[in-house]
Amino acid sequence: MPSEKETIYNEGASTSTAMGSPKQDKKKNVPWIEKYRPQIFEEIMGNEEIVSRLKVFATQGNTPNIIISGPPGVGKTTTILCLARILLGENFRKAVLELNASNERGIDVVRNKIKMFAQQKVILPKGHHKIIILDEADSMTEGAQQALRRTMEIYSNTTRFALACNNSEKIIEPIQSRCAMIRFSKLTDAQVLAKCIVVCQKENLYYTEDGLEAIVFTAQGDMRQALNNLQSTANGFGKITSENVFKVCDEPHPLLVQDMLQHCINGDIHKSYKIMKKLWHLGYASEDIIANVFRVCKRMDMDEKLKLNFVRHIGETHMKIIDGCNSLLQMSGLLARLCECTY
């Protein structure tokens, strides 16, 4: 029997089903990030104001070249694909070229694939253009970007370019000046949680509240990460609980980290070090430990001034770890400094 916190959907569904058709089996094996990828603007979570602006572009038809920048997993490429579907309709397949610039980032790709596609004649309604989508555009070499700039100029009457990137500063200014710049922000925990609940309902998954909280905690505003972790946990254990999620994600459990920080607030270095030593001997990397210490510290209910001091010391230790000082002694020193803050 499920616990009170556990929610089950479609209890009446039959568990013994006949062997499905090949089409159903194929759909079953699709990654959830593709299976539940939004197809229309209304399905996109977060960044509502920006999405509404793009809806205006879609209805008017005369879309400029655009650059969408933002953190991973917030829907940059998905938004561009939704825009292209509305603009082109049934011509979507023949009038859209999608490339991942992190794999195909050299000047030859611009000269061959992109230029050849831009030169192709495609019959489209008046006022519509072919669309070239470049994912991870900030990975392109400078030579490729210079060649792309010239291609954008020459074929501006027939082709529009949509670039998705994590860091817009790595795109040269001549390209930025030819594009409308759109910046996406991280998704909120509530938005990630809402999507996870919808997926759990559609997949008839057993889940607990703390299990979904663990998914949201590990995702950190990245919807792609959240759905991947959800699918991995469902495939591995069949039940979404916090224990199963942290086993799959292999991250230090936040409750342990919270206890450790609470001992630091109480000024008890021995108990806090005992937990740190346990995490260390469990084999977690110092980068993973310090990252979770920071996340948990942000969420803890403590005096604001004390929290700022904690964050400062955690940040300084994180910099030292990145520089290579990733020993248990370094982590123990952090605990000592956190305990000292309380006096």
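Each remark here, short or long, concerns the structure printed above.
Fair warning: this is a prediction, and the values are worked out from it, not measured in the lab.

Parameters and conventions
- Residues numbered from 1 in each chain as written.
- Predicted model: local features only at pLDDT ≥ 70, side-chain atom pairs only at ≥ 80, totals over all residues.
- Heavy atoms only, no water.
- 1 Å grid on protein atoms, 1.4 Å probe; cavity = no way out; pocket = protein on both sides within 12 Å on 5 of 7 lines; lining within 4 Å.
- Points joined across faces, edges and corners; volume = space filled by probe spheres on them.
- Helix = DSSP H or I, 4+ residues; strand = E, 2+ residues; numbered from the N terminus.
- Nonpolar A, V, L, I, M, F, W, Y, C, P; charged D, E, K, R; others polar.
- Buried < 20%, exposed > 50% of the residue type's maximum accessible area, 1.4 Å probe, protein only.
- Pairing = 2+ DSSP bridges.
- Right-handed = clockwise from strand over helix to strand, strands pointing away.
- Phe/Tyr/Trp six-rings, centres within 6.5 Å; stacked < 30°, edge-to-face > 60°.
- Lys NZ or Arg CZ within 6 Å of the ring centre and 35° of its normal.
- Contact = heavy atoms within 4.5 Å.

(A) Fine view of empty space enclosed by the protein. If you walk through the whole model with that rule in mind, you get one cavity of 30 Å³ or more. What the largest cavity holds in volume is close to 130 Å³. Forming the walls of the largest cavity are 16 residues, and the residues nearest its centre are Thr63, Leu83, Leu87, Ile131 and Arg160. Every element with two or more residues in the lining of the largest cavity is listed here: α4 (76–88) and β5 (159–165). Here the residues of the lining of the largest cavity sort into ten nonpolar, five polar and one charged.

(B) Here's a closer look at the pairing of β5. Judged by how many residues are buried, β5 sits mostly within the fold: seven of seven residues are covered. Going residue by residue along β5, you find Thr159, Phe161, Leu163 and Cys165 tucked away on one face and Arg160, Ala162 and Ala164 tucked away on the opposite face as well. As defined by bridge partners, strand β2 (residues 66–69) adjoins β5 across four bridges and the pair is classed as parallel. Bridge assignment links isoleucine 67 to a residue of β5, and that residue is leucine 163. As defined by bridge partners, strand β4 (residues 130–135) adjoins β5 across five bridges and the pair is classed as parallel. From the neighbouring strand, isoleucine 131 faces β5, where its bridge partner is arginine 160. Running through helix α7 (residues 142–154), the crossover from β4 to the neighbouring parallel element β5 is right-handed.

(C) Broad picture of the packing of aromatic side chains. Within the structure shown, the criterion is met by two aromatic pairs. Aromatic side chains tryptophan 32 and tyrosine 36 sit 6.5 Å apart centroid to centroid with 80 degrees between the ring planes, which places their arrangement in the edge-to-face category. Each member of the pair tryptophan 32 and tyrosine 36 is classed as buried. Across from the ring centre of phenylalanine 92, 5.3 Å away, lies the NZ or CZ of arginine 85, which sits over that ring. The residue whose ring lies beneath arginine 295 is phenylalanine 217, and the NZ or CZ to ring-centre distance is 5.7 Å.

(D) Summary view of the environment of valine 96. Here valine 96 lies in strand β3 (residues 96–100). Separated by eleven residues in the primary sequence, valine 96 and arginine 85 have C-alpha atoms spaced 9.3 Å apart. In contact with valine 96, not counting residues within four places along its chain, are Ala84, Leu88, Phe117, Ile131 and Ile133.

All we've got here are geometric facts, nothing functional implied.
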